[in-house]
Amino acid sequence: MTALADLELSARELAARRAWAERELELQDGVASRAQLTVGGYTPNDVRRAIRRREMQLVHRGVYVTHTGPLTWRQRAWAAVLYAEPAALCGPTVLEPLRTDDADGPIHVAIDHSRRLDPPPGVIVHRVVGMARQMFAGQRPPRLKLEDNALLQAREATSEIEVIGLLTDTIGRRGVTTNAVRTALKRHPRLPRRGFITNLLADVDAGTCSVLEHGYLTRVERAHGLPTGTRQSERSTPNGKEFRDVEYEAYGLVVELDGRLNHESWRAQGRDADRDLDDLALGGRLTARVRWPQVFETQCRTAARVTQLLHQRGWQDNPKMCGDECALEIWM
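Cut-offs applied
As a convention, each chain's residues are numbered from 1 in the sequence order in which they are written. Owing to the predicted nature of the model, reporting of local features is limited to residues with pLDDT of at least 70; listing and counting of side-chain atom pairs is limited to 80 or more, with chain, interface and lining totals taken over all residues. Think of the side-chain values as coming from all heavy atoms in the structure, minus any hydrogens and water. Should DSSP find at least two bridges between two strands, the strands are taken to pair. Where helices and strands are cited, they refer to DSSP runs of H or I of at least four residues and of E of at least two residues respectively, numbered from the N terminus. Any two residues whose heavy atoms approach within 4.5 Å at even a single point are treated as in contact. As a rule, the C-alpha atoms of each element are fitted with a line to give its axis, helices using only the stretch in contact, and angles between N-to-C directions run from 0 to 180 degrees. We define a nonpolar core as any set of buried Ala, Val, Leu, Ile, Met, Phe, Trp, Tyr and Cys residues linked to one another through side-chain atoms lying within 4.5 Å. For every residue, the accessible area (1.4 Å probe, protein chains only) is compared with the maximum for its type, and the residue is labelled buried under 20%, exposed over 50%, or partly exposed between those bounds. Any Phe, Tyr or Trp ring, taking Trp's six-membered ring, that has another such ring centre within 6.5 Å forms a pair; planes under 30 degrees apart are called stacked, those over 60 apart edge-to-face, and the others tilted. Criterion for a charge above a ring: Arg CZ or Lys NZ at most 6 Å from the ring centre, at most 35 degrees from the ring normal. The arc in question is traced by the directions running from the helix axis to the C-beta atoms.

1. Points about the sheet that holds strand S6 (residues 123-128)
Here's step 1: Taken together, the three strands give an open sheet; going across it, the order is S4-S5-S6, and neighbouring strands pair in mixed fashion. Bordering the open sheet on either side are strand S4 (88-89) and S6, each of which pairs with just one other strand.
Here's step 2: Bridge count for S4 against strand S5 (residues 107-112) is two bridges, and the pairing is antiparallel. From the neighbouring strand, leucine 89 faces S5, where its bridge partner is valine 109.
Here's step 3: Its contacts with the sheet place helix H4 (residues 73-84) against S4, S5 and S6, and it is angled at close to 25° to S5.

2. Details of the nonpolar core
Here's step 1: Counting 46 residues, the largest nonpolar core has Ile197, Tyr216, Tyr248, Leu257, Trp292 and Phe296 as the members making the most contacts within it.
Here's step 2: By residue number, the principal contributor to this core is helix H12 (residues 299-312), which donates six residues.
Here's step 3: Each residue touching isoleucine 197, except ones within four places of it in the same chain, is listed here: Leu151, Ala154, Val163, Leu167, Leu185, Leu191 and Pro192.

3. Things to note about the packing of aromatic side chains
Here's step 1: Tallying each qualifying case throughout the model produces two aromatic pairs.
Here's step 2: Ring centres of phenylalanine 196 and phenylalanine 296 lie 5.9 Å apart, and the angle between their planes is 70°; on these two criteria the pair is classed as edge-to-face. One end of the pair, phenylalanine 196, is in helix H8 (residues 194-206); the other, phenylalanine 296, is in helix H11 (residues 292-296), and 100 residues separate them in sequence. Take phenylalanine 196 and phenylalanine 296: they sit in the same class, and that class is buried.
Here's step 3: Ring centres of tryptophan 292 and phenylalanine 296 lie 5.6 Å apart, and the angle between their planes is 35°; on these two criteria the pair is classed as tilted. In this pair, tryptophan 292 and phenylalanine 296 are both assigned in helix H11, four residues apart and thus about one turn of the helix distant. Each member of the pair, tryptophan 292 together with phenylalanine 296, is buried.
Here's step 4: Grouping aromatic residues by their ring pairs yields a cluster made of Phe196, Trp292 and Phe296.
Here's step 5: Over the ring of tyrosine 42 we find arginine 18; its NZ or CZ atom is 4.1 Å from the centre of that ring.

4. Considerations on helix H7 (residues 178-186)
Here's step 1: For H7, the complete set of buried residues consists of Thr178, Ala180, Val181, Ala184 and Leu185. One side of H7 carries all its buried residues, which in axial view fall inside an arc of 160°.
Here's step 2: Buried residues in H7 make contact with helix H5 (146-155), helix H6 (160-170) and H8.

5. Some thoughts on the sheet that holds strand S1 (residues 31-33)
Here's step 1: Reading across the sheet, the three strands line up as S1-S3-S2 and stay open at both edges, with antiparallel pairing between neighbours. Two strands in the sheet have a free side with no partner beyond their single neighbour: S1 and strand S2 (57-60). The average angle at which neighbouring strand axes cross in this sheet is 35°, direction not considered.
Here's step 2: Examined bridge by bridge, S2 and strand S3 (residues 63-65) share three bridges and lie antiparallel to one another. Bridged to histidine 60 within S3 is valine 63.
Here's step 3: With respect to the sheet, H4 is in contact with S1, S2 and S3, its orientation differing from that of S1 by roughly 10°.

Take a look at the structure:
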């Protein structure tokens, strides 16, 4: 009687473990690790039998999926995380691809900096200090918080414009605020360009673009010998007083510096268009709208175009080269 009861208990336990494994497989898009399958009551013989029957295939060492066809993006993501666990999606893999042609790229995963791991083909591993504090709670598959992920990518960025782009893509997405990014900065004490990022966040909070304004002054205007514009010149409009970022008053040219670090709305674009029309209609001034890439990536091209606008409106001098590799003449 006791042996029969033990057998029934064992059968109930196995059924419960199998049910747990089935739930995990469902939650993980049909992907599971060897450890999960073992906890779920699957023996090595069970796994080998499922592979022979084409009910399962090996994805990475110790990671399986419950079919034999091509993997979806989420299945590839799950397989990478389970192979490297404890791990979290990071880099461009934090967000699921919007287009199918993006879905074949490598899967990026973060592991703690104390670990060493040889990644399988199609997986890129990043070693992160304090990874546990950077993970997004409750996400499946596990992934880094968007703000921490942006700073992780900023660490590897090769230019300031790349850093700006990362923050632009992050602030405002899924409720990420400047305070969230500022808090994340504390978790990245050795981050390059830390002061630059701090100033960008201050600009966003204040509704200004002083980083962009300073960049235009030093990288475009001064570096290429353009006339000195008037900063924050006051202008009366039907809507009251407004201020222009840079005005070359003698030549009727206004340069507006658009430093917003979030996705543009139709309303914001409409306000910009209204201001540009006001400048033309009320004062005969031409407005050139300049954004981050024009200052931090193609500043020589921007200087050439501003020069052409100034020449058209009466400036007699010529700009200068900003250095040996200046591309000004290419665009003139």
